[in-house]
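Analysis of the macromolecular model
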Amino acid sequence: MLYEEKTIETIPVGPLGLIPLKSCKELGDKVNDYLVSWRQERESEHKSTIAFSGYQRDSYIIGASTPRFGSGEAKGSLHESVRGDDLYFMVDVCNYSLTYSLCGMTNHMSPDDHFQDLKRLIAASAGKARRINVIMPFLYESRQHKRSSRESLDCALALRELVNMGVENIITFDAHDPRVQNAIPLKGFETVQPIYQFIKYLLKEEKELDIDSEHMMVISPDEGGMGRAVFFANVLGLDMGMFYKRRDYTQIVNGRNPIVAHEFLGSSVEGKDVIIVDDMISSGESMLDVAKELKRRKARKVFVCSTFGLFTNGLAKFDEYYENGFIDRILTTNLVYQTPDLLSRPYYINVDMSKYIALIIDNLNHDASLSELLNPTKRINRLLERYRAGDR
């Protein structure tokens, strides 16, 4: 692998320590497996030097827990020394499957609970670790990224809080609005796009696609996701279309103005395969409306690519749309909690991001540049060449 070989040229910042919170355990285990295998395979004349002490280990995961008292309060506890370590905390703030006891009642953990647990463990390591990094795939409170009238700026507050606790780098995926990094201008903040992984897994499952502007199109379901769709279309050499939402601003339903209609801007989709790209599927209503509208305009196949599959209203509507032929495939990543029901669906493709996260951690630990990793154009072009050459 290109990237693993490159990083050995620099000395690690410190011994690598991986602390996946309970919410991120499965993903953390996969990331750890990649790091262990790469570092065991790597050869370097410097490995015996003191700078590489603890470089090759059977596991980089450091034991940690956040036990709770009967009142629901908690504390963070590290089970081994982290002095001098380069620590990487991993947390999934959307994992609602975890519970805790509150005065004898069972409570499901909310994003607020997960964020508090992250701060507890950072506090347990503060002053001892060489450097603290946070990998938070779904950025906490990222949907509250700007102020309208008298509102709190929760995402900016959370980022400032982490930085004030000593965090040096924050790695997130497909932030709702990357401009939230303006809240912490002097610290490392990267928002990573999983576009290469989407294309890789789609081409692995769909063997008969023609990837050119005559047969395929990229669609943004709203004006907010235009930048994401433009990049996706450019790297694939496709045309782009966009829907915009006409809302009824005279009323508020479930905290937002209801959508009256989806209006389409772009060339004809008739007979073309279309890829709808968005950052998250929450309830999925607007995504399904867009898919239905594209089928009404005689699109051939509809693929939905979304970084975070939250599915807050369940899967029944998606099942119905799949059976009626409105959607063909849904791709979301394993960066947030996935229910067993979701993983069992015939239309669902699980996009595994563990290898990519391991590469980012490996590069950061060596203070190496991330620019090649964050720009997937070369890898996408190589993938498309192989696909077009019949290597499917």
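Remember, predicted model here, so these are calculated numbers, not experimental data. Residue numbering note: each chain is counted from 1, following its sequence as written. The predicted nature of this model means local features are confined to residues of pLDDT at least 70 and side-chain atom pairs, given and counted, to a pLDDT of 80 or more, with totals for whole chains, interfaces and linings taken over all residues. Each side-chain value is derived from all of the structure's non-hydrogen atoms; neither hydrogens nor water enter the calculation.

For the purposes of this section, nonpolar cores are sets of buried Ala, Val, Leu, Ile, Met, Phe, Trp, Tyr and Cys residues that join through side-chain atoms within 4.5 Å. Each residue is assigned to one of three classes by its accessible area relative to the maximum for its type, calculated with a 1.4 Å probe on protein chains only: buried under 20%, partly exposed between the two thresholds, exposed over 50%. By size, the foremost hydrophobic cluster in this structure holds 90 residues, and its most contacted members are F89, L118, M136 and L236. Three or more residues apiece are contributed to this core by two domains, here domain 1 (14-191 + 352-368) and domain 2 (193-351 + 376-387). Here, two residues are considered to be in contact whenever any of their heavy atoms come within 4.5 Å of each other. Setting aside residues up to four positions removed in sequence, L118 forms contacts with L21, F89, V91, V134, M136 and L162. Counting 25 residues, the second largest nonpolar core, distinct from the first, contains V274, I281, F311 and I327. Where each domain begins and ends is defined by an automated method or by a domain database.

In this section: helix 7 (residues 285-296). Its twelve residues place the ends of helix 7 16 Å apart at the C-alpha level, agreeing with the 16 Å of an ideal helix rising 1.5 Å per residue. Going along the chain from the N terminus, every DSSP run of H or I of four or more residues is numbered as a helix, and every run of E of two or more is numbered as a strand. Taken together, the buried positions of helix 7 are occupied by S286, M287, L288, V290, A291, E293 and L294. The elements touched by buried residues of helix 7 are strand 10 (216-220), strand 11 (239-247), strand 12 (259-265), strand 13 (273-281), strand 14 (302-309) and helix 8 (316-323). Where helix 7 terminates, the next one or two residues include K298, which has phi positive at roughly 70 degrees. A helix is expected to span 1.5 Å multiplied by its residue count minus one.

Turning next to the confidence of the model for the protein. Mean pLDDT over the protein stands at 90; residues scoring 70 or higher make up 97%. What pLDDT expresses is the predictor's confidence in each residue, scored from 0 to 100. For the stretch residues 1-7, pLDDT sits under 50, and the model shows 20 contacts to residues farther than four places along the chain or on other chains.

Moving on, we get to the side chain of T333. Positionally, T333 belongs in strand 15 (residues 329-333). Classification of T333 as buried rests on a relative accessible area of 0%. N or O atoms within 3.5 Å of each other form a polar contact, as long as, within protein, one can give a hydrogen and the other can take it, and as long as residues adjacent in sequence are counted only when both atoms are side-chain atoms. A polar side-chain atom of T333 sits 2.6 Å from the main-chain carbonyl oxygen of T307. Of the polar contacts made by the side chain of T333, one reaches the backbone nitrogen of L335; its length is 3.3 Å.

Let's shift gears to the packing of helix 7 against helix 8. Axis angles are defined between N-to-C directions and span 0 to 180 degrees, where every axis is a line fitted to C-alpha atoms and, for a helix, only to the segment in contact. Put simply, helix 7 and helix 8 touch, their axes get as near as 11 Å, and they point 10 degrees apart. One element, helix 7, and the other, helix 8, form an angle in the roughly parallel class. On helix 8, the residues touching L288, D289 and K292 of helix 7 are K317, F318 and Y321. For this scheme, ten residues count as nonpolar: Ala, Val, Leu, Ile, Met, Phe, Trp, Tyr, Cys and Pro. Four count as charged, namely Asp, Glu, Lys and Arg, and the remainder, Gly too, count as polar. Of the residues in the contact of helix 7 with helix 8, the class split is three nonpolar, no polar and three charged. Just so you know how the angles are binned, under 35 degrees is roughly parallel, over 145 roughly antiparallel, 65 to 115 roughly perpendicular, and the rest oblique.

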